[in-house]
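Inside the fold
Now for the letters of each chain:
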Amino acid sequence: MASKFLTLRAPLSIPRPVTCSRQNFPTVSTSSCCSTVEDPSLWRSKKQTQLSPLIFSKNSDSIRSVTVRSSLTFPIISPQDQWGTWTALFATGAFGIWSEKTKIGSALSGALVSTLVGLAASNLGIISCEAPAYSVVLNFLLPLAVPLLLFRADLRRVIQSTGALLMAFLIGSVATTIGTVVAFLMVPMRSLGQDSWKIAAALMGRHIGGAVNYVAISEALGVSRSVLAAGLAADNVICAVYFTTLFALASKIPPEDSTSANDTGMNEQPEPGSKPPVLLTATALAVSFAICKAGIFLTKYFGIQGGSLPAITAIVVILATAFPKQFSLLAPAGETMAMILMQVFFTVVGASGNIGNVMNTAPSIFMFALVQIAVHLAVILGLGKLFRFDLKLLLIASNANVGGPTTACGMATAKGWSSLVVPGILAGIFGIAIATFLGIVFGVTVLKFM
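Quick caveat, the model's predicted, so the values are computed rather than measured.

**Focus on the packing of aromatic side chains**
Across all of its chains, the model carries eight aromatic pairs by this definition. Considering the side-chain rings of Phe345 and Phe346, the 5.6 Å spacing of their centres and the 55 degrees angle between planes classify their relative orientation as tilted. For Phe346, a relative accessible area of 6% translates into the label buried. By the ring-pair criterion, three or more aromatic residues cluster together here, those being Phe297, Tyr301 and Phe302.

**Details of the packing of helix H9 (residues 225-249) against helix H14 (residues 391-402)**
Remark: H9 packs on H14, axes separated minimally by 10 Å, with the N-to-C direction vectors making an angle of 170 degrees. Looking at the two axes, H9 sits roughly antiparallel to H14. On H14, the residues touching Cys239, Tyr242, Phe243, Leu246 and Leu249 of H9 are Leu391, Leu395, Ser398, Asn399 and Val402. Across the contact of H9 with H14, the residue classes break down as eight nonpolar, two polar and no charged.

**A look at the pattern of salt bridges**
Inspection of the entire model under this criterion finds three salt bridges. Note that Glu335 and Arg152 form a salt bridge whose closest N and O atoms lie 2.7 Å from each other. With Glu335 in helix H12 (residues 324-351) and Arg152 in the loop between helix H4 (132-149) and helix H5 (155-162), this pair connects stretches of sequence that are 183 residues apart. For Arg152, a relative accessible area of 15% translates into the label buried.

**Focus on the layout of surface pockets**
By volume, the largest pocket amounts to about 1,400 Å³. Along the walls of the largest pocket sit 44 residues, with Glu100, Met339, Gly403, Thr406 and Thr407 positioned nearest its centre. Breaking the lining of the largest pocket down by element, the ones donating at least two residues are helix H1 (82-99), helix H2 (103-108), helix H3 (110-123), helix H8 (211-221), H9, H12, helix H15 (405-415) and helix H16 (421-445). Taken together, the residues of the lining of the largest pocket sort by class into 23 nonpolar, 17 polar and four charged.

**Quick notes on the confidence of the model for the protein chain**
On average, residues of the protein chain score 80 in pLDDT, and 79% of them are at 70 or above. Note that pLDDT drops below 50 for residues 259-265; the model gives that stretch nine contacts with residues more than four away or on any other chain. Contacts from residues 267-275, a stretch scored under 50 in pLDDT, to residues over four places away or in other chains number three contacts.

**What about H5?**
Think of an α-helix as 3.6 residues a turn; residues three or four steps apart then line up on the same face. Its side-chain oxygen 3.2 Å from the backbone nitrogen of Arg156, Asp154 forms the N-cap of H5. Directly after H5, the chain includes Gly163, whose backbone phi takes a positive value near 60 degrees.

**Here's the deal with the packing of H4 against helix H11 (residues 308-322)**
Axis separation between H4 and H11 bottoms out at 9 Å; the angle between their running directions is 25 degrees. Relative to H11, the element H4 lies roughly parallel. Where H4 crosses over H11, the handedness of that crossing is right-handed. The segment H4 lies against H11, with Leu142, Pro143, Val146 and Pro147 engaging Leu309, Ile312, Thr313 and Val316. Of the residues contributing to the contact of H4 with H11, the split by class is seven nonpolar, one polar and no charged.

**A few points about the environment of Ala282**
Of note, Ala282 is situated in helix H10 (residues 277-302). Considered as a pair, Ala282 and Ala333 are 51 residues apart in the sequence and their alpha carbons are 8.9 Å apart.

**Some points on the environment of Gly416**
As for its placement among the helices and strands, Gly416 is situated in the loop between H15 and H16. Taking the C-alpha atoms as reference, Gly416 lies 4.5 Å from Pro255; in sequence the two are 161 residues apart. Contact partners of Gly416, with chain neighbours within four places excluded, come to Pro255 and Glu256.

Quick notes on the rules
Residues numbered from 1 in each chain as written. Predicted model: local features only at pLDDT ≥ 70, side-chain atom pairs only at ≥ 80, totals over all residues. Heavy atoms only, no water. Phe/Tyr/Trp six-rings, centres within 6.5 Å; stacked < 30°, edge-to-face > 60°. Buried < 20%, exposed > 50% of the residue type's maximum accessible area, 1.4 Å probe, protein only. Axes fitted to C-alpha atoms, helices over the stretch in contact; angles between N-to-C directions. Helix = DSSP H or I, 4+ residues; strand = E, 2+ residues; numbered from the N terminus. Parallel < 35°, antiparallel > 145°, perpendicular 65-115°, else oblique. Contact = heavy atoms within 4.5 Å. Nonpolar A, V, L, I, M, F, W, Y, C, P; charged D, E, K, R; others polar. Salt bridge = Lys/Arg side-chain N within 4 Å of Asp/Glu carboxyl O. 1 Å grid on protein atoms, 1.4 Å probe; cavity = no way out; pocket = protein on both sides within 12 Å on 5 of 7 lines; lining within 4 Å. Points joined across faces, edges and corners; volume = space filled by probe spheres on them. pLDDT = per-residue confidence, 0-100. Polar contact = N/O pair within 3.5 Å; in protein donor to acceptor, adjacent residues only side chain to side chain. Left-handed = near helix turned anticlockwise from the far one by under 90°.

This is the structure:
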């Protein structure tokens, strides 16, 4: 009977401890600069008996590992590296400003150069496509630049000083609106989805006022970051071709014989001993910060989504019209700082973009802007001839529409049309003051339902 209950026990064998080294212990490194690749043929199939990680073949050479080391980490400037990121942004902005002194840079514009350099830097892994510094630029520095740009926006002086040029400018604004409708019908940009009518409205504001209106409308309507960058890049290329065309049309118009008295008003500087430039600069910054605070407070109080830039624009235009003498003293310092801040903003727009998205998105926006500008130029020249406007008046008005006060002033100065320098600047400032509101209203009421 005892044999029935006999239990056979296999002798218990205790495995000998194995000392593991780099040669026989599989390790996986997750360091950014070091990764270990194991030979997969050395691991047994799941259908076979699984071994404990501590039990391996006695052959110490049976497990091999290959270590790959990278000498670089991308992006080279980490998004958390605040000093490095800000250095890159301001250096690129300074390079964009400098590039306008070269033939290529003057043809492309400093804004496009800064955008393209920022786009290349982020896609090559030099800077990050997202960083806390970018939010600071978009949420603080960009709104701060708007009042600094518009300290000269005295609407009473615009109406009194521009005369016939203001009428030509208004015709150009109508021409831009007609061009927007025609371009949207011919190039509907359906691949952009809901961004199609929004970017069309933003480009309409861009070609009545300037780049700051383009950004303000895009923010108010909620244009995606990639589409905003693609639109800016495509439009800047079109503008480069457009300005070349304007100068070609103006090639046979001679310069004026004498300098007009109108050329002195906008270039008045404070007397050397009256107020130091440092004080004017500090005052301009303080006033701009106060205007931004008031605009953002009003939009939050009334619950207007994305309305901070339009509100800031409205406040500074009202104040510049009510207190023209005080604000005109701040204008030179304000415009200098605004130019720097806008170049930094263009760098951020480029750095936030993806080359693949831009290449896929830009062609349709490029064709839209091409048709829009072509119709604008045809309509303003046609209506101007019908109403017997001088050709140089129409060219400066069109330049103020599409390029803004800076390019209008530059063209009038380069061609020797001194009597149109001040009116061109004032017309361009007037465009910046009204374009944001025109673009938003026209987009929401017309383009959205086309």
